[in-house]
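Notes for the structure review
Each chain is listed here by its residues.
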Amino acid sequence: MAQESDEVDRIVGAWKTQRPDLDFSPLEVLSRVDRLSRHLDRARRDAFRRSDLEPWEWDVLSALRRAGEPFQLSPKQLLQQTLVSSGTMTNRIDRLVGRRLVRREADPDDGRSILVTMTEEGRTRVDAAITRLVDAESVLLRTLSGGERERLAALLRKLSLSFDS
């Protein structure tokens, strides 16, 4: 059975004609990753929009939700999980407080520090967003079997770990 061609096959085929001296196998992989990333970005933005969240709000609220009861973290812990600057995080917390999605509370273990706690409204929105996100991402992967998803996840993990170390 002949394999279907996609846009990357057409692009790489044209390059091979023009530059037969080059190995285009990296483009065959990473151009597809790039194109899939754009589809994923659109699906994620739509899932967040439907839950009335910006992507940056999702980052902070999902970190708090994953922390479990009582859904609170220090600003430093949020910085570590979201990889933004201290000033950016302060601004984000301020804006989330303004939207009543989080509140600041004194840290009972350190009176000089605060904890950021997700409100019930924040939890409702982040739970709706993760449900929509999982549904949207499942649609993106619908053509792969469970085994194929596992193999692809393992390969992408291997590649990702080479950058994380």
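Cut-offs used in this document
- Residues numbered from 1 in each chain as written.
- Predicted model: local features only at pLDDT ≥ 70, side-chain atom pairs only at ≥ 80, totals over all residues.
- Heavy atoms only, no water.
- 1 Å grid on protein atoms, 1.4 Å probe; cavity = no way out; pocket = protein on both sides within 12 Å on 5 of 7 lines; lining within 4 Å.
- Points joined across faces, edges and corners; volume = space filled by probe spheres on them.
- Helix = DSSP H or I, 4+ residues; strand = E, 2+ residues; numbered from the N terminus.
- Nonpolar A, V, L, I, M, F, W, Y, C, P; charged D, E, K, R; others polar.
- Pairing = 2+ DSSP bridges.
- Core = buried A, V, L, I, M, F, W, Y, C linked by side-chain atoms within 4.5 Å.
- Buried < 20%, exposed > 50% of the residue type's maximum accessible area, 1.4 Å probe, protein only.
- Contact = heavy atoms within 4.5 Å.
- Lys, Arg positive; Asp, Glu negative; His and termini not counted.
- Salt bridge = Lys/Arg side-chain N within 4 Å of Asp/Glu carboxyl O.

The chain has the name MarR family transcriptional regulator in an unreviewed UniProt entry, where Microbacterium ulmi is given as its organism.

**Regarding the layout of surface pockets**
The space that makes up the largest pocket amounts to roughly 1300 Å³. Lining of the largest pocket is provided by 35 residues; of these, Arg32, Leu36, Leu140, Leu141 and Leu152 occupy positions nearest its centre. Of all elements in the fold, only helix H1 (7-18), helix H2 (25-50), helix H6 (120-140) and helix H7 (146-164) reach the threshold of two or more residues within the lining of the largest pocket. Considering only residue class, the lining of the largest pocket consists of 16 nonpolar, 5 polar and 14 charged.

**Brief notes about the sheet that holds strand S3 (residues 110-118)**
One open sheet holds the 3 strands; their spatial order is S1-S3-S2, and the pairing between them is antiparallel. In the strand order of this sheet, the two ends are held by strand S1 (72-73) and strand S2 (102-107), each with one partner. By the bridge criterion, 2 bridges tie S1 to S3 in an arrangement that is antiparallel. Paired with Leu73 across the bridge in S3 is Val116.

**Some points on the nonpolar core**
In this structure, Leu61, Leu64 and Leu78 are the most contacted members of the largest nonpolar core, which totals 22 residues. The set of elements that each furnish at least two residues to this core consists of H2, helix H3 (55-66), helix H5 (86-98), S3 and H6. Here this core gets 6 residues from one element, more than from any other, and that element is H3. When sequence neighbours within four positions are dropped, the list of residues in contact with Leu64 reads Phe71, Gln72, Leu73, Leu78, Val102, Val116 and Met118.

**Some points on the side chain of Arg92**
Position of Arg92 relative to the elements: it lies in helix H5. No salt bridge is formed by the buried Arg92; its nearest oppositely charged neighbour, Asp59, is found at 4.6 Å. If near-sequence neighbours (up to four positions away) are discounted, Arg92 is found in contact with Trp56, Val60 and Val84.

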